[in-house]
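So you can see what is in the structure, the chains are spelled out below.
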Amino acid sequence: MANAPKIDFVMIWVDGNDPDWKKEFAKYCKDSDTSSDKDESRYRDWDLLRYWFRGVEKFAPWVNRIHFITCGHIPSWLNTNHPKLNWVKHSDYIPAEYLPTFSANPIELNLHRIQELEEQFVFFNDDIFLINNVEPERFFNKNGLPCDMAVLNIQDLNGNVLFSNIVHNSLRLINANFNKHSVLSNNVWKWLNFKYGKHLLRTISLLPWYLFPGFLDAHFAHSYLKSTYNEVWKKCNSKLTQTSHTRFRSMTDVNQYIFRYWQLCSGRFHPYNVLKDSVYFDISDRFIGNIEQEIMSPTNRMICLNDSSIIKNFEELKFRLQSAFNHLLPERSEFELYDNN
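Residues numbered from 1 in each chain as written. Predicted model: local features only at pLDDT ≥ 70, side-chain atom pairs only at ≥ 80, totals over all residues. Heavy atoms only, no water.

### Comments concerning the overall build of the chain
This is how the line gets drawn: A run of H or I in DSSP becomes a helix once it reaches four residues, and a run of E becomes a strand once it reaches two; helices and strands are each numbered from the N terminus. Each radius of gyration reported is based on C-alpha atoms, and the globular scaling rule is 2.2 Å times the count of residues to the power 0.38. Burial classes follow relative accessibility: with a 1.4 Å probe on protein chains only, a residue under 20% of its type's maximum area counts as buried, one over 50% as exposed, and anything between as partly exposed. Residue contacts follow a heavy-atom distance rule, with two residues in contact if any of their heavy atoms lie within 4.5 Å. The protein chains shown are the only cover counted for residues, whose accessible areas, like all others here, come from Shrake-Rupley with a 1.4 Å probe. Under the convention used here, Asp and Glu are negative, Lys and Arg are positive, and both His and the chain ends fall outside the count. Each charge is placed at NZ for Lys, CZ for Arg, CG for Asp and CD for Glu.
The helix and strand tally for the chain stands at 13 helices and 10 strands. The C-alpha radius of gyration computed for the chain amounts to 20 Å, which stays within 12% of the reference 20 Å derived for 341 residues, consistent with globular compactness. Along the first, second and third principal axes, the C-alpha atoms of the chain reach 55 × 45 × 45 Å. Out of the 341 residues belonging to the chain, those deemed buried represent 55%. Of the contacts formed within the chain by residues at least 6 apart in sequence, a portion of 79% connects residues at least 24 apart. A total accessible area of about 15700 Å² is found for the chain, and carbon and sulfur atoms account for 50% of it. Averaged over its 38 positive side-chain charges, the chain has a centre that lies 6 Å from the centre of its 40 negative ones.

Dropping the structure here:
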């Protein structure tokens with residue numbers, strides 16, 4: 001393991017309770033017509049961040065470094081002197097002309113600019129937690145390729161017009177830069193791979209389509225190569241620059257999926273069914289029991305807890321989630337200055 005490549009984790013976080021942040025958000029938000037960015041569910045704090053760090057320390061102790069990204073605020077309990085922690089402010093890596101931004105898209109599109117970021121890194125949103133032991137090979141194979149599943153899919157609108165348009169914009173760039181039939185024929189066994197299980201049928205059914213109709217997306221941690229970021233910025237600079245200038249999400253944006261799709265189409269990935277060891281939940285009164293059970297007695301390695309705007313008892317659900325995580329991860333990590341649960 002002495003010569004094993006270094007793998008970084010990158011995580012973005014916002015403190016929706018920070019009064020200074022809320023004031024600046026309100027200042028710019030009044031000029032925005034992106035109503036979904038005004039939904040409090042996009043920013044409210046479930047106070048689960050400490051369990052993200054506890055999960056990484058316990059279940060992925062091999063991680064090289066954690067790049068923790070915020071607009072400048074930071075939890076009072078976080079040990080910024082931890083040797084594996086790099087606290088990164090937006091202004092540390094995002095060009096000044098793109099700031100301030102309240103959209104995740106510019107924050108994600110410019111990750112390659114972080115100083116000392118390794119070639120291999122795993123990107124987490126703050127709603128994605130490790131809940132079981134995970135090895136480096138879950139994210140990158142022995143040849144350093146990102147582990148991912150190449151599955152064609154018809155783009156799912158899912159009622160979210162804004163997000164659908166953002167994904168569609170990424171697909172436009174992919175179809176402008178890659179020929180679908182050449183991509184599949186050049187790496188046929190990476191695309192028609194039995195590891196994908198029943199999802200393989202999606203790809204087979206969409207083989208006759210001339211263009212890429214979409215990809216099966218999973219809202220979990222994604223493995224990236226920094227060199228992919230550099231290549232996409234070189235080939236698609238105009239669109240990425242345009243997106244980076246948006247303070248709030250826009251119908252014309254692209255998001256981090258453009259880098260994932262690019263890696264798949266370039267063949268720079270190792271086939272892996274990312275759905276087999278990860279589980280996704282929308283936080284709700286209906287599913288809270290299932291969520292608690294999975295956290296306290298995990299059958300997966302990773303869990304995504306997506307905030308839902310339709311929540312009747314926020315404080316109750318918040319307490320139940322914290323209790324479940326504290327059952328799984330009761331001990332303070334070295335990323336915490338003190339235990340103030």
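### Here's the deal with the sheet that holds strand E10 (residues 302-306)
Under the convention used in this document: Strands are labelled as partners when DSSP assigns at least two bridges between them. All axes are obtained by fitting lines to C-alpha atoms, using only the stretch in contact for helices, and the reported angles, taken between N-to-C directions, cover 0 to 180 degrees.
Pairing within the open sheet is mixed, and its 3 strands lie in the order E5-E10-E9. Among the strands making up the open sheet, the edge pair consists of strand E5 (128-130) and strand E9 (278-282). If you compare each strand with its neighbour and ignore which way they point, the axes differ by 20 degrees on average. Judged from the 5 bridges that link them, E9 and E10 form a sheet pairing that is parallel. Residue pairing for E10: Ser278 is matched across the bridge by Met302. Each of E9 and E10 is contacted by helix H12 (residues 288-296), which is oriented at about 150 degrees to E9, the strand it contacts most.

### Focus: the sheet that holds strand E2 (residues 65-70)
In space, the 5 strands of this open sheet follow the order E3-E2-E1-E4-E7, with mixed pairing throughout. With one partner strand each, in any of the chains shown, strand E3 (85-89) and strand E7 (222-225) form the two edges of the open sheet. Neighbour-to-neighbour, the strand axes of the sheet open up by a mean angle of 25 degrees, direction not taken into account. Bridge analysis of strand E1 (residues 7-12) against E2 gives 5 bridges, and the strand direction is parallel.

### Digging into the pairing of E7
The two faces of a sheet get side chains in turn, since along a regular strand they alternate between them. Residues of E7 alternate between two faces, with His222 and Tyr224 on one and Ser223 and Leu225 on the opposite face, all of them buried. Pairing of strand E4 (residues 120-124) with E7, which is carried by 4 bridges, proceeds in the antiparallel orientation. Paired with Phe123 across the two strands is His222, which belongs to E7.

### Regarding the pattern of salt bridges
Our working definition: One side-chain nitrogen of Lys or Arg within 4 Å of one carboxyl oxygen of Asp or Glu is enough to make a salt bridge.
Following the criterion strictly, the structure yields 11 salt bridges and no others. The salt bridge partner of Arg50 is Glu336, with a shortest N-O separation of 3.2 Å. One end of the pair, Arg50, is in helix H2 (residues 49-59); the other, Glu336, is in the segment after helix H13 (314-328), with 286 residues separating them in the sequence. Like Arg50, the residue Glu336 is buried in the burial classification. Close ionic contact of Glu316 with Arg320 constitutes a salt bridge, the shortest N to O distance being 3.7 Å.

### Points about the environment of Ser278
We apply this condition: Two N or O atoms form a polar contact when they lie within 3.5 Å of each other; inside protein one atom must be a possible hydrogen donor and the other a possible acceptor, and for residues adjacent in sequence the pair counts only when both atoms belong to side chains.
Here Ser278 shows up in strand E9. Relative accessible area serves as the criterion here: at 7%, Ser278 is assigned to the buried category. As a C-alpha pair, Ser278 and Arg301 span 23 residues in sequence and 5.8 Å in three-dimensional space. Those residues within four positions of Ser278 in sequence are excluded, and the remaining contacts are Arg138, Phe220, Asn300 and Met302. In terms of polar contacts, Ser278 uses its side chain to reach the backbone carbonyl oxygen of Val274, at 3.4 Å. A polar contact is formed between the side chain of Ser278 and the side chain of Asp277, at a distance of 3.2 Å.

### A few points about the packing of helix H9 (residues 226-235) against helix H10 (residues 237-244)
Between two packed helices, both the angle of their axes relative to each other and the distance between the axes serve to describe the pair. Rules: Under this scheme an angle from 65 to 115 degrees is roughly perpendicular, one under 35 degrees roughly parallel, and one over 145 degrees roughly antiparallel; angles in between are oblique. Think of it as three bins: nonpolar holds Ala, Val, Leu, Ile, Met, Phe, Trp, Tyr, Cys and Pro, charged holds Asp, Glu, Lys and Arg, and polar takes everything else, Gly as well.
Running from N to C, H9 and H10 point in directions that differ by 100 degrees, and their axes come no closer than 5 Å. Considering the angle they form, H9 stands roughly perpendicular to H10. Residues Val232, Trp233, Lys234 and Lys235 of H9 form the contact with H10, whose participating residues are Asn237, Leu240, Thr241 and Ser244. Of the residues that constitute the contact of H9 with H10, the class distribution is 3 nonpolar, 3 polar and 2 charged.

### Things to note about the side chain of His73
Locating His73 in the fold gives a position in the loop between E2 and E3. One polar contact links the side chain of His73 to the main-chain amide nitrogen of Asp15, over a distance of 3.0 Å. In terms of polar contacts, His73 uses its side chain to reach the side chain of Asp18, at 2.8 Å. Excluding residues within four positions of it along the chain, His73 makes contact with Trp13, Val14, Asp15, Asp18, Trp21 and Trp87.

### Observations concerning the side chain of His112
Relative to the elements of secondary structure, His112 occurs in the loop between helix H4 (104-109) and E4. The buried category is assigned to His112, whose relative accessible area is 12%. Not counting chain neighbours up to four residues away, the residues in contact with His112 comprise Leu117, Lys226, Tyr229, Asn230 and Trp233.

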